[in-house]
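Close look at the chain arrangement
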Amino acid sequence: MIETADRIIEIKEYYFSKKLEEVKSLDNSDFPIINLGIGSPDLAPHDKVIQALKTYASKPDLHAYQSYRGIPELRNAIADYYSQYFEVKLDANREILPLVGSKEGIMHITQAFVNPGDEVFIPNPGYPTYAAVTKLAQAKIRFYDLKEENNWQLDIESLEKMDLSRVKLFWLNSPHMPTGVQYATEDLHKLVGLAEKYQFLIINDNPYSMILNMHYQSILSIEGASEVAIELNSLSKSHNMAGWRLGWCSGRAEFINAIVKVKSNMDSGMFKPLQLAAAEALKLGSDWFENLNSVYKQRRVLAEKVLQKLGCSFDANQQGLFIWAKLPSNISDCEKWVDHLLYEYHLFLSPGFIFGTQGQDYVRISLCAKEEQFEIALNRLETYQS
Ligand SMILES: Cc1ncc(COP(=O)(O)O)c(C=O)c1O
């Protein structure tokens, strides 16, 4: 048997890549699965966006390879979007790089900035891809713990006491998935100060910026951040376009140029009609977000009822597409409990341990399901005893 490379020994296939196959295998028309596990928006993009894709895709001259740096129409739309919602001015020609989803950027940025052995700070709990990609780069993971008793906020005081001299990259994710908190602006200022002092790069992964969030925030709006930070963002959650694979990163031109060195050797520019339709999406007015969030607000009420029925406790003011909830005290094995709900009630929730050791007593429920689905889940749980 031909052996695989050492760099993949320590990583596992992405949890959902495997688990969703298992979930799918249990689905049947008599007892359908209610999937409240993943954050893949079930709602459609705006009609204008779909129409734009159809119109442009039907033109015969838009099917060639595209620029590695994305088309100017999309970069300009991103710059306008950042100016309108985040009060951040970006140079559309030099400071924005469209990506095939922000997940792609996590790999490219790591390849562009991290040497084997460099230290990379990763939130625990946090999006699992940061750690997997760091392992692929053969760099050293240092987790920073987020704790419920600190309202899941950054613990700047602890960070200040740590040896940060070998840190190269600091993964930040505000609003944070899975806990649903947005970090205090004051702490972001302090973090930028630490990055300036120790010369590490902060990457704020910001795909939940527009969901159930009244205060749109970009790390790039923090004074001094443009020297030490890059931001990832995406149309997946904000515009119901997860399957389109459209995201971007923004930051100073030198950072973008380094990422282009990696990206341009890995793929070519995205299909032009997709990019043009994405530009239309970014031009939608704020009523798009008002309508979207009014749907998520209604769903959240039902999701809270599901969690209450299950005996979980949670903070009702979370942002983003999920509610992060603490397991009832009599549940000690989260994985077993989640599988019990899956096999007995055909109800799938994400176990918190997949986001790190700090998540092992928690569960994450997604708002990406129709209200009827939550109602069915509640009916099924009528007899449930926690
Ligand atoms: C925190 C976080 N970052 C990045 C991503 C990837 O998003 P995209 O669809 O833009 O690749 C996700 C997707 O769930 C996420 O939760």
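Every chain begins its residue count from 1, and numbering advances along the sequence as written. Note on the predicted model: pLDDT of at least 70 is required for a residue's local features to be given, and 80 or more for side-chain atom pairs to be given and counted; whole-chain, interface and lining totals, by contrast, use all residues. Remark: hydrogens and water are excluded; side-chain values derive from all non-hydrogen atoms of the structure.

1. Examining the overall build of the protein chain
Put simply, the test is: Counting from the N terminus, the helices are the DSSP runs of H or I reaching at least four residues and the strands are the DSSP runs of E reaching at least two. Radius of gyration here is computed from C-alpha atoms only, and the compact-globule reference equals 2.2 Å multiplied by the residue count raised to the power 0.38. Buried, partly exposed and exposed residues are distinguished by accessible area as a fraction of the type maximum, computed with a 1.4 Å probe on protein chains only: under 20%, between the cut-offs, and over 50%, respectively. A contact between two residues is defined here by any heavy atoms of the two lying within 4.5 Å. The method behind every accessible area is Shrake-Rupley, applied with a 1.4 Å probe, and residues are considered shielded solely by the protein chains displayed.
Tallying secondary structure elements over the protein chain gives twelve helices and 13 strands in all. Since a compact globule built from 386 residues should have a radius of gyration of about 21 Å, the 21 Å found for the protein chain is in line with a globular shape. When the backbone C-alpha atoms are referred to their principal axes, the protein chain occupies close to 60 × 55 × 55 Å. Sorting the 386 residues of the protein chain into buried and exposed places 54% on the buried side. Within the protein chain, counting contacts between residues at least 6 apart in sequence, those at least 24 apart form 76% of the total. Accessible surface computed for the protein chain: about 17400 Å², of which carbon and sulfur atoms make up 48%.

2. Some points on the pairing of strand S8 (residues 247–250)
Heads up, the rule is: Pairing between strands requires that DSSP locate at least two bridges from one strand to the other.
The alternating pattern of S8 places Gly247 and Cys249 on one face and Trp248 and Ser250 on the opposite face, and all of these are buried. As defined by bridge partners, strand S2 (residues 96–99) adjoins S8 across four bridges and the pair is classed as antiparallel. Following the sheet pairing, Ile96 is matched in S8 by Ser250. Pairing of strand S7 (residues 229–234) with S8 involves four bridges; the strand directions are antiparallel.

3. Some points on the packing of helix H4 (residues 101–113) against helix H5 (residues 128–136)
The relative placement of two packed helices is expressed as an angle between their axes plus a distance between the axes. Put simply, the rule is: Geometry is summarised by axes, namely lines fitted to C-alpha atoms with helices restricted to the contacting stretch, and by angles between N-to-C directions that run from 0 to 180 degrees. In this scheme, a crossing is called left-handed if the near helix is turned counterclockwise away from the far one by less than a right angle; it is called right-handed if the turn is clockwise. Residues are grouped as follows: Ala, Val, Leu, Ile, Met, Phe, Trp, Tyr, Cys and Pro are nonpolar; Asp, Glu, Lys and Arg are charged; all remaining types, including Gly, are polar.
Put simply, H4 and H5 touch, their axes get as near as 10 Å, and they point 35° apart. As for the relative orientation of H4 and H5, their crossing is right-handed in sense. Residue-level inspection shows Lys103, Ile106, Met107 and Thr110 of H4 in contact with H5, the latter providing Thr129, Tyr130, Val133, Thr134 and Leu136. Looking at side-chain class alone, the contact of H4 with H5 contains five nonpolar, three polar and one charged residues.

4. Brief notes about the site of the ligand
Note the threshold: Proximity is defined per residue: any heavy atom of the residue falling within 4 Å of a molecule or strand makes that residue near it. In the analysis that follows, any N or O atom pair within 3.5 Å is treated as a polar contact, provided that within protein one partner can donate a hydrogen and the other can accept it, and provided that, for residues neighboring in sequence, both atoms belong to side chains. Definitions used throughout: a 1 Å grid over protein atoms alone; a cavity as a set of points that fits a 1.4 Å probe which cannot get out; a pocket as an open set with protein on both sides within 12 Å along at least five of seven lines; a lining residue as one with an atom within 4 Å of a point. Pocket or cavity membership: a molecule qualifies when more than half of its atoms sit within 2 Å of the grid points of that site.
Taken together, 14 residues are adjacent to the ligand, and Asp205, Tyr208, Ser234, Ser236 and Arg245 come closest. A distance of 2.7 Å is found between an oxygen atom of the ligand and a side-chain nitrogen or oxygen belonging to Ser234. Considered on its own, the ligand offers 400 Å² of accessible surface; in the complex 91% of this is hidden by protein. When atoms are counted within 2 Å of each cavity's grid points, the one that captures over half of the ligand is the second largest pocket. Residue contributions to the shell around the ligand peak at three residues, all from H4.

5. Looking at helix H12 (residues 371–380)
As a reminder, the rule being used: Note that the arc is computed from the directions linking the helix axis to the C-beta atoms.
For H12, every residue scored as buried is listed here: Phe374, Ala377, Leu378 and Arg380. Viewed end-on, H12 has its buried residues packed into an arc of 160°, placing them on one side of the element. Of the exposed residues in H12, those oriented more than 90 degrees away from the buried face are Glu372 and Asn379. Where H12 is buried, its residues touch strand S1 (34–35), helix H10 (286–309), helix H11 (334–345), strand S11 (347–348) and strand S13 (362–366).

6. Describing the environment of Asn293
Summarising the element assignment, Asn293 is placed in helix H10. Sequence separation between Asn293 and Ile211 is 82 residues; the distance between their C-alpha atoms is 6.3 Å. Not counting residues up to four positions away in its chain, the partners in contact with Asn293 are Met210, Ile211 and Leu212. For Asn293, the side chain forms a polar contact with the main-chain oxygen of Met210, separated by 3.1 Å.

7. Things to note about the UniProt feature "domain: Aminotransferase class I/classII large" (unreviewed entry) in the protein chain
Convention followed: UniProt positions are given in the numbering used here, feature names are shortened, and annotations may be inferred rather than shown by experiment.
Taking the numbering used here, the UniProt-annotated feature "domain: Aminotransferase class I/classII large" (unreviewed entry) corresponds to residues 33–381. From the first C-alpha to the last, residues 33–381 spans 13 Å; its make-up is 39% helix and 16% strand.

8. Details of unusual backbone geometry
Most peptide bonds adopt trans geometry, and most residues besides glycine take a negative phi value. With an omega dihedral of 5°, the bond running from Asn124 to Pro125 counts as a cis peptide bond. Tracing the backbone shows Pro125 in the loop between strand S3 (119–124) and H5. Here Gln199, not a glycine, exhibits a phi torsion of approximately 55°, which is positive. Along the polypeptide, Gln199 turns up in the loop between helix H7 (185–198) and strand S6 (201–205). For Gln199, a relative accessible area of 58% gives the class exposed. Despite not being glycine, Leu212 has its phi angle at roughly 50°, a positive value. Along the chain, Leu212 falls in the loop between S6 and S7. Residue Leu212 is classed as buried on the basis of its relative accessible area of 10%.

9. Brief notes about the layout of surface pockets
To keep things clear, this is the line we draw: Grid points are joined across faces, edges and corners, and a volume is the space filled by probe spheres set on the points. Bear in mind that the domain bounds are from an automatic or database domain assignment.
Of the pockets and cavities examined, the largest pocket occupies roughly 880 Å³. Of the residues forming the lining of the largest pocket, the biggest block, seven residues, is contributed by H5. Of the residues contributing to the lining of the largest pocket, the split by class is 18 nonpolar, five polar and ten charged. The calculated volume of the second largest pocket comes to roughly 600 Å³. For the second largest pocket, the lining is made up of 27 residues, of which Tyr14, Gly39, Lys103, Tyr127 and Lys237 are closest to its centre. Put simply, the parts of the chain that give the lining of the second largest pocket at least two residues each are helix H1 (15–26) and H4. Along the lines of polarity and charge, the residues of the lining of the second largest pocket split into 14 nonpolar, eight polar and five charged. Residue contributions to the lining of the second largest pocket reach at least three from each of two domains, namely domain 1 (6–44 + 287–381) and domain 2 (62–284).

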